[in-house]
Structures are given as C-alpha cells and as structure tokens.
Amino acid sequence: MAPYASDDSTTAGQADEQRSGRRTAARYIVPVTVIGVAAATIGLVPALADSGDPDLPKITARQLIEKIAKSDVEQLSGTVKISTDLGLPNLGGLESGLLSGAAGQGEGGSSADPTAKLTELASGTHTLRVAADGPDRQKLSLLENAAEYSLIHNGKDVWGYDSKSNEVYHGTSAESPERGKDQRPPALPKDFAEEALKAVDDTTSVTVDGTAQVAGRDAYKLVIEPKQSGSTVGAITVAVDARTGMPLKFTLTPASGGAAVVDAGFTKVSFAKPAASTFDFTPPKGAKVTEEKDAAKGSEKDFGKGFGKGFDQGGAREHAPKAGDGPAKGLDGMKTIGEGWNTIATFDTGGEGVPSGKAGGDLGGFMDSLGDKVHGKFGSGTVFSTRLVNALITDDGKVYAGLVTKDALVKAADAGK
C-alpha cells in the first residue's frame, strides 16, 4: 500500500482531505487488520489427523527439517480438509463487507476474484481438492453446497471460476512475477510448513514427537513451540511424510488451550502426475468474465467509497494476504519491536483512534462491543482480539499488533511513550 504523501503542488484543501480520509481509515483499520492478519495466518498452516502410530526409524529434529528442505515433490493430487477457529468477533455480517472491500470485491469486482474468495477459509471447515504439476500448473477447488469455486494456474494464465454466480476472473501471472506468485493457489502443505519453519530461531523449541499416519501414509510429527512467554501461539505440529519428506498436515494450537486455531491436512493424496486436462479451463457459455486490470479499477473505486479519500487501497488489492500483511501494510513509520514469537508490528495511522463511548455515537458503541478498553502510561486505547492475533489501537491513532497477549501490547505501548 502506498504511503500517504504530498508534493509541492498539494493545496491546503487537498491536504485537509487527505488528513480527513486518513482519520476515517483509522476508525476502521484495526478491525480490518485483525481480520485480515488472522485470515492471512492460513498462509502458515495445514493440520494433523492421526490414524495410527507407525514404527519408523528414529530421526532428529534437524534431520527431519533437512528432509523437508530436500523434498522434491512437484506432482500430486488429493483432498485437503481445513478447519479454522480464529475466534473472530461477531460483526453481524459486517466482516464480510470489510474483507471483500479490502480484497477488492465490490462494485465492479467479481465473486470469482481469488483475493476475495479465499478469505472464506478464515473460518469454519472446508474441503479442498488440490492438484499440482510443477511450478507452472496448480489447481485448487473449494467445494461448497451444490457449488464449487476453482482457482487454476496454467502457465501464464490464472483463472478463478465461481460456479454459483457463473463468474470468471482472469489474470496473467506473466504481468508480474510477484503477482503471479501471489495468485498461485496455496495448495501444498509444504508451502505452509516452510512459512512456519522461517520462525525457527533461538526463541524456538523444535522436537520430533513420535509418528502418525496421515492419508494412509506413514509420517513423523515435528513440533515447533515458542520458548518465550507472552505469545498466543502454543505449538505448531507438522506431519512429515516419512518417504518423500513432504508435509502432509499441520496443526496450530493456541497458548490459551482448546481446539486448534487451524487444523488442515490431506485426507487423500497421490504423488502420480495429474492429467494435463486437469489444468485446462475455458469460460463456460454465458459466464461473466472479469479481467484483472478491470477488477483493479473497480475495486479502487469501491474501496474509496467505504474508507475515505487518501486511503490507498491499491496495496491491499494488489497482493494476496500473507502473514504480517493487512490494510496497514506500507503505512509510514511501520516498524517492529521485540523478537521471535513476541515480535509486535507498530505504526502510526496519524488518525484519532477508534470511536468510543457516547462521544463516538452509534459507531462508538458498536466499536466498544468488539474490543476491550485498556489504559496505561500511553493513555488509553482499544484491544481487538482473536485467538491468535491481537491488536491495540491507542486513542491517538497508534497501532500495535502481533501474535502476543493483550498485556504484551499494553507493555509495548507504554514503552513507546
């Protein structure tokens, strides 16, 4: 997302408009950030369904990580089940509007746009069919009641198709290598496990905790845990195929206990080469086709209506969600504090904080119902929470967010004064 800026030709009136838009954005940015970052954690995880305890040769954690790194599986097909319980606040349907706006779906958008459609994985249980044949051909299908959404990457083309609305989205990965990478379906548990392994450092404990059987295949269980206190992450467990080294399943449990935040993994898998026709796609007769460049124009217009002038939606629309991203990505002064699992992202919206109490009118009461009011040396603010991501926005518009507890955010805000 482009930072707010003005050049020598900016008039005082334009500057006021930008500041006004920025304040408007600040009123909404934390709920959207919490939801967006929480949805983005799906980029970290698939999960574990043990159906046995096979007798396998002993292996160390280092050896198992090396086995994952050396895995060269590029061809597969199968079914993945993913359950997500992030504990998102109940926004009475508002969250779907905020997410679709942030992802670019709205007036002039398309229900087949992958950046909007895949946010559905942020909650509930879903079944996916996946297929891959090297880096240039992947397919992911989200199975729904009497409908199906498919995302196909075949060479330079990226297609999204929503059978329910009979809408098609078309992009070209060759337009931008990074954009093409973002559009490719996050279908492989290996991708998710690699993201989790990036967090492994001196603040992390990594062990092998026995064996399991996933989708009929023998696997080792790799457990990744924060050594530090104060993180909302309890443990990440990856089931690694004993033969190929490919992660088959991944579970993230919160430090607070209870059900997994994300539990996803293969229920069926084959490493045979999929038929070439698997990745063929032609828009059905009568389908509405939206080109990527047209969707971007429509989404910018729509986002501007909802979040005020001066709040550049291009960054949120340009990239698929990733851990650490969100509508705040690219704001001036973004920095991190702390280390390891206790890292906190902080930035200043330049706004006036979240509307609160009677002074905030109807919106103030609504926002109070979503968050918890907190006080400290920094003054006061509101914490918005999920089971994994917490975010604090102070009354003067500063934001602190991370995979940390509410107390950790307050402490960080106090230290920032």
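Residues numbered from 1 in each chain as written. Predicted model: local features only at pLDDT ≥ 70, side-chain atom pairs only at ≥ 80, totals over all residues. Heavy atoms only, no water.

Caption draft 1: Inspection of the overall build of the protein chain at higher detail. From N to C terminus, the protein chain includes ten helices and 18 strands. Counting only residues that meet the buried cut, the protein chain has 49% of its 417 residues in that class. Long-range pairs, those at least 24 residues apart, make up 64% of the contacts in the protein chain with a sequence separation of at least 6. (Helix = DSSP H or I, 4+ residues; strand = E, 2+ residues; numbered from the N terminus. Buried < 20%, exposed > 50% of the residue type's maximum accessible area, 1.4 Å probe, protein only. Contact = heavy atoms within 4.5 Å.)

Caption draft 2: Structural detail: the nonpolar core. Residues Leu128, Leu222, Ile236 and Phe266 are the most contacted members of the largest nonpolar core, which totals 48 residues. Top element by residues in this core is strand 9 (residues 233–241). It accounts for five residues. Residues within four places of Leu128 in sequence aside, it is in contact with Gly78, Thr79, Val80, Ile82, Leu121, Leu140, Ser141 and Leu142. Counting residues in each nonpolar core, the second largest holds eleven residues, with Val383, Leu392, Val404 and Ala413 among its members. (Core = buried A, V, L, I, M, F, W, Y, C linked by side-chain atoms within 4.5 Å.)

Caption draft 3: Spatial organisation of the sheet that holds strand 15 (residues 372–376). Taken in spatial order, the six strands line up as 13-14-18-17-16-15 in an open sheet, and their pairing is antiparallel. Each end of this open sheet is capped by a strand with a single partner; those strands are strand 13 (335–337) and strand 15. Here the average twist between neighbouring strands, direction ignored, is 25 degrees. Two strands pair when backbone bridges link them, and strand 15 and strand 16 (residues 379–385) are joined in this way by five bridges, in the antiparallel orientation. (Pairing = 2+ DSSP bridges. Axes fitted to C-alpha atoms, helices over the stretch in contact; angles between N-to-C directions.)

Caption draft 4: Expanded view of the sheet that holds strand 9. In space, the twelve strands of this open sheet follow the order 7-8-9-10-11-1-2-3-4-5-6-12, with mixed pairing throughout. At either margin of the open sheet sits one strand with a lone partner, and together these are strand 7 (204–214) and strand 12 (288–291). Shown here is a sheet whose adjacent strand axes are inclined to one another by a mean of 15 degrees, direction ignored. As paired strands, strand 9 and strand 10 (residues 247–254) are joined by seven bridges and run antiparallel to one another.

Caption draft 5: Up close: the pattern of salt bridges. For the coordinates displayed, the defined rule picks out eight salt bridges. Where Arg137 meets Asp133, a salt bridge forms, and the shortest distance between an N and an O atom there is 3.6 Å. Asp396 is the partner of Lys398 in a salt bridge, and the nearest nitrogen-oxygen pair spans 3.2 Å. One salt-bridge network, held together by shared partners, links Asp133, Arg137 and Lys273. (Salt bridge = Lys/Arg side-chain N within 4 Å of Asp/Glu carboxyl O.)

Caption draft 6: View of the side chain of Thr211. Structurally, Thr211 is set in strand 7. With a relative accessible area of 12%, Thr211 lands in the buried category. Within the structure, the side chain of Thr211 is placed 2.8 Å from the side chain of Asp53, a separation counted as a polar contact. Engagement of the side chain of Thr211 in a polar contact is seen with the backbone oxygen of Pro54, the distance being 2.6 Å. (Polar contact = N/O pair within 3.5 Å; in protein donor to acceptor, adjacent residues only side chain to side chain.)

Caption draft 7: Inspection of the environment of Thr125 at higher detail. With respect to the element layout, Thr125 can be found in strand 2 (residues 124–133). Considered as a pair, Thr125 and Ala264 are 139 residues apart in the sequence and their alpha carbons are 9.2 Å apart. Within the structure, Thr125 has its side chain in polar contact with the side chain of Ser83 (distance 2.9 Å).

Caption draft 8: Molecular detail of helix 2 (residues 61–70). When we look at burial in helix 2, the residues that qualify are Ala61, Leu64 and Ile68. Here the buried residues of helix 2 occupy an arc of 65 degrees about the axis, which is enough to place them on one side. Those residues of helix 2 that are exposed and aimed more than 90 degrees away from the buried face are Arg62, Ala69 and Lys70. (Arc of directions from axis to C-beta.)

Caption draft 9: Spotlight on helix 10 (residues 406–415). Along helix 10, the positions that sit buried rather than exposed are Leu409, Val410, Ala412 and Ala413. Each buried residue of helix 10 sits inside an arc of 160 degrees when the element is viewed along its axis, so together they form one side. Exposed and oriented more than 90 degrees from the buried face of helix 10 are Asp407, Lys411 and Ala415.

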